Amino acid sequence: MKKTSNFLIMIVLLVLTSCGGPFTSTTSMLTVIEKGHSTDYKEYWIKAYDRNNQTKDEAFKIVVQEEMVWHLIEENREYFSSYTKEGDKPWILEQIERRGNDKE
């Protein structure tokens, strides 16, 4: 009986952890090239790329959940940042810090 309940618990945990799809977390230096928001001002985003691994043409959208943070981010600046993605959902900004010696 105990083996059966342990097996059921393992199956339930496996199903629950696989529901959201793959979870990706990335930390990198990003160069922000564009900022924008939805027409209803409910979603804020930046378009950026990691110039160590990508070209400007490969820039991608990252949702910024805090409006105040979005206002502090500047275009054409480099930031140390962490961002996450779950399954097919958009990238979400988790943390951002301006790099001290930006190149203009």
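The structure this text deals with has already been given above.
A quick note: this is a predicted structure, and the numbers were derived from the prediction, not measured.

Peer 1: Before we go on, may I ask you to explain the overall build of the chain in this structure?
Peer 2: Across its full length, the chain carries two helices and five strands. Each helix (α) and strand (β) of the chain, taken in turn from the N terminus, gives the series α-β-β-β-α-β-β. When the 104 residues of the chain are sorted by exposure, 29% land in the buried category. Across the chain, contacts joining residues at least 24 apart in sequence account for 47% of those joining residues at least 6 apart. In the structure as shown, the chain presents an accessible area of about 7700 Å², 55% of it carried by carbon and sulfur atoms.

Peer 1: How should the nonpolar core be read in this particular structure?
Peer 2: Generally speaking, a soluble globular protein has its nonpolar side chains buried in company with each other. Ile46, Ile62, Val64 and Ile73 are the most contacted members of the largest nonpolar core, which has 14 residues in total. Mapped by element, the contributors of at least two residues to this core are strand 1 (23-37), strand 2 (44-49), strand 3 (60-64), strand 4 (77-86) and strand 5 (91-98). Look past the residues within four positions of Val64 in its chain and what remains in contact with it is Tyr44, Trp45, Ile46, Val69, Trp70, Ile73 and Leu93.

Peer 1: Teacher, can you tell me more about the pattern of salt bridges here?
Peer 2: Should the charged atoms of two oppositely charged side chains come close, the side chains can pair. Under the criterion given, the structure shown has four salt bridges. When the shortest N-O distance is used, the salt bridge between Glu74 and Arg98 registers 3.2 Å. Of the two residues, Glu74 is situated in the loop between helix 2 (67-72) and strand 4 and Arg98 in strand 5; the sequence distance between them amounts to 24 residues. Classification of Glu74 by relative accessible area gives partly exposed; the value is 33%.

Peer 1: Help me understand the side chain of Ser82 in this model?
Peer 2: For Ser82, the location among the structural elements is in strand 4. A relative accessible area of 16% places Ser82 in the buried class. In terms of polar contacts, Ser82 uses its side chain to reach the side chain of Thr27, at 3.1 Å. Setting aside residues no more than four positions away along its own chain, Ser82 makes contact with Thr26, Thr27, Ile92, Leu93, Glu94 and Gln95.

Analysis parameters
- Residues numbered from 1 in each chain as written.
- Predicted model: local features only at pLDDT ≥ 70, side-chain atom pairs only at ≥ 80, totals over all residues.
- Heavy atoms only, no water.
- Helix = DSSP H or I, 4+ residues; strand = E, 2+ residues; numbered from the N terminus.
- Buried < 20%, exposed > 50% of the residue type's maximum accessible area, 1.4 Å probe, protein only.
- Contact = heavy atoms within 4.5 Å.
- Areas by Shrake-Rupley, 256 points an atom, 1.4 Å probe, with all protein chains shown as cover.
- Core = buried A, V, L, I, M, F, W, Y, C linked by side-chain atoms within 4.5 Å.
- Salt bridge = Lys/Arg side-chain N within 4 Å of Asp/Glu carboxyl O.
- Polar contact = N/O pair within 3.5 Å; in protein donor to acceptor, adjacent residues only side chain to side chain.

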